[in-house]
Amino acid sequence: MQGKVLIANRGEIAIRIMEACQDLGLEYTIIYTDADRDSEHVQRNRLNGNDQNAWRVASYTDPNDVLSVADHTECTAIHPGYGFFSEDYRFARRVTVRDRPLVFIGPSWEVIRDLGDKINTKRVANKLGIPTIPGTSAPIYNEMEAEEVAQHLFDIQKDEDEPNPAILIKAAAGGGGMGIEEVNRIEHFRRVYRQVQNYAKRQFGDGGVLIEQRLRDFNHLEVQLVCSRHDERIHFSSRNCTIQSTGRQKRVEAAPGFHTSCFDYDFNAEQVLDSIVKNSLKLADYVKYDNVGTWEWIVSRSGKPYLLEVNTRIQVENDVSARISYLDNKHPNLLREQIRLALGEPMGYQQSDVVFRGASIELRLVAENTQRDFAPWIGTITRFDLPKYEWSATYSHVPNDREYPIPSEYDPNLALALVWGDTLEEAKERARQFIDASCIEGVNSSGDAILTNLAYLRKNLDRLLTF
């Protein structure tokens, strides 16, 4: 392959993209901020000289900085990783239509625009008969109309014998959990509706609200799709991301999405998994999805699946799916596939060539206080030793041969650890073994020892794939 990739991200994902480029024989350039100078994603590269390939920027989110480096280093493509610009359709459009266009390694900007809007995604899904959370698929501005919707949702829950019926009133223009209130009785609806509407007007300049049924007892599942510019679309199974921090940040993921060895489900788990995969591909076909992406679902205890949203990017946990998937008896590298397909190559395989076998688990190692609302721990890591096994893989930007000050500007994520086995029980036992053999030491400015989530991860392994 030919081309040069600007890696517009940091940390472990930058390293994984670097390695995927090397595997494809592609040159690359990285960017970094002052706060990240000690990161392995920087130190593995050349910060000066005629062959310099690491360039300092003021921010990872300044498009002018990012594109000026791309132009100066004569890059032909840009990989946004996850976060930052990865789901910004305006940036993707700018990259591809400028005087010196670059390939955006991700879906087309039109797809990012259309599926990045949760309201539009829900509207399209409903049109295709794909189940979504009961509620509105467009913003409501009229109080009487909103109350009618709310009453209908309470009636649905009554008919289903829901013991604790509730609805959510959400600011349509909000995000990140902002502007969401719960209502448990219809008598309280108008007061809370007005409260959310006023908040939405102040914060977002748009008083539109969404009304949805409040789902309490569910699992969070994802379907991994890989698509090409040649109208090819396949899946790499499902994964379960239910174990999350209080801030809805994933901490333990497992594939496949359900397994009867973990829980006595009140539904046919295999049928549910088949249905969410089928519907994910149905929506991808309809919008002509053309790169890697993730379809997020929630599944109730009774086995009802609801499409939540689409992530039009590579996700942190993509390798969980890859570790139960086999192409030519090897685990696929989905980052490598993402780059290759974005640069225009055909897939070269089809769904029948993918074999699913065994189980895998990803552990997100984070410096945080799990006893205090997962508050981030900031300090200097003095020892960072993670074990290596033939059934594990780790991704980290933290060096193990020198001290590493954790930048306070970013989340204190330390590493991703993948383990896999022939069964889920074997994978869980290997995850315990990995955690027990890990050694992370450090100290903060007050002299206090590092706090990590290792104990939390170990404790929650038995909750995998359960309700």
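My aim in this report is to walk through the structure given alongside it, one point at a time.

The rules behind each value
Residues numbered from 1 in each chain as written. Predicted model: local features only at pLDDT ≥ 70, side-chain atom pairs only at ≥ 80, totals over all residues. Heavy atoms only, no water. Pairing = 2+ DSSP bridges. Helix = DSSP H or I, 4+ residues; strand = E, 2+ residues; numbered from the N terminus. Axes fitted to C-alpha atoms, helices over the stretch in contact; angles between N-to-C directions. Parallel < 35°, antiparallel > 145°, perpendicular 65-115°, else oblique. Left-handed = near helix turned anticlockwise from the far one by under 90°. Contact = heavy atoms within 4.5 Å. Nonpolar A, V, L, I, M, F, W, Y, C, P; charged D, E, K, R; others polar. Phe/Tyr/Trp six-rings, centres within 6.5 Å; stacked < 30°, edge-to-face > 60°. Buried < 20%, exposed > 50% of the residue type's maximum accessible area, 1.4 Å probe, protein only. Salt bridge = Lys/Arg side-chain N within 4 Å of Asp/Glu carboxyl O.

Concerning the sheet that holds strand β1 (residues 4–7)
Overall, parallel pairing links the five strands, which are arranged β3-β2-β1-β4-β5 in an open sheet. Whereas interior strands pair on both sides, the edge strands pair on one side only; in this sheet they are β3 (54–56) and β5 (103–104). Note: strand β4 (residues 77–79) against β5, two bridges, orientation parallel. Within β5, the position partnered with Ile 78 by the bridge is Phe 104.

Quick word on the packing of helix α7 (residues 143–159) against helix α8 (residues 189–204)
At a minimum axis separation of 11 Å, α7 and α8 run at an interaxial angle of 125°. Put simply, α7 runs oblique to α8. Like other packed secondary-structure pairs, α7 and α8 cross with a definite hand, here right-handed. In this structure, α7 uses Glu 143, Met 144, Ala 146, Glu 147 and Ala 150 to contact α8, whose residues at the interface are Phe 189, Arg 190, Tyr 193 and Arg 194. Of the residues contributing to the contact of α7 with α8, the split by class is five nonpolar, no polar and four charged.

A look at the packing of aromatic side chains
Evaluation of the coordinates by the stated rule reveals 18 aromatic pairs. When the ring of Phe 263 is compared with that of Tyr 265, the centres are 5.4 Å apart and the planes differ by 50°; the resulting orientation is tilted. Tyr 265 gets classed as buried once you look at its relative accessible area, which sits at 9%. Ring geometry for Phe 267 and Phe 467: centres 6.1 Å apart, planes at 90°, overall edge-to-face.

Focus: the pattern of salt bridges
In this structure the tally under the stated criterion is 46 salt bridges. Between Asp 36 and Arg 10 there is a salt bridge, with its nearest N and O atoms 2.7 Å apart. Taken together, the positions of Asp 36 in the loop between β2 (27–32) and α2 (40–43) and Arg 10 in the loop between β1 and α1 (11–24) put the pair 26 residues apart, joining distant regions of the chain. Each member of the pair, Asp 36 as well as Arg 10, carries the same accessibility label: buried. Put simply, Glu 12 and Arg 16 hold a salt bridge, and the shortest N to O gap is 3.0 Å. Of this pair, Glu 12 and Arg 16 both sit in helix α1, four residues apart, which is roughly one turn of the helix. On the basis of relative accessibility, which here comes to 9%, the residue Glu 12 falls in the buried class. What you see here is one network of salt bridges that share partners, running through Glu 222, Arg 239, Lys 250, Glu 253, Glu 296, Glu 317, Glu 362 and Arg 364.

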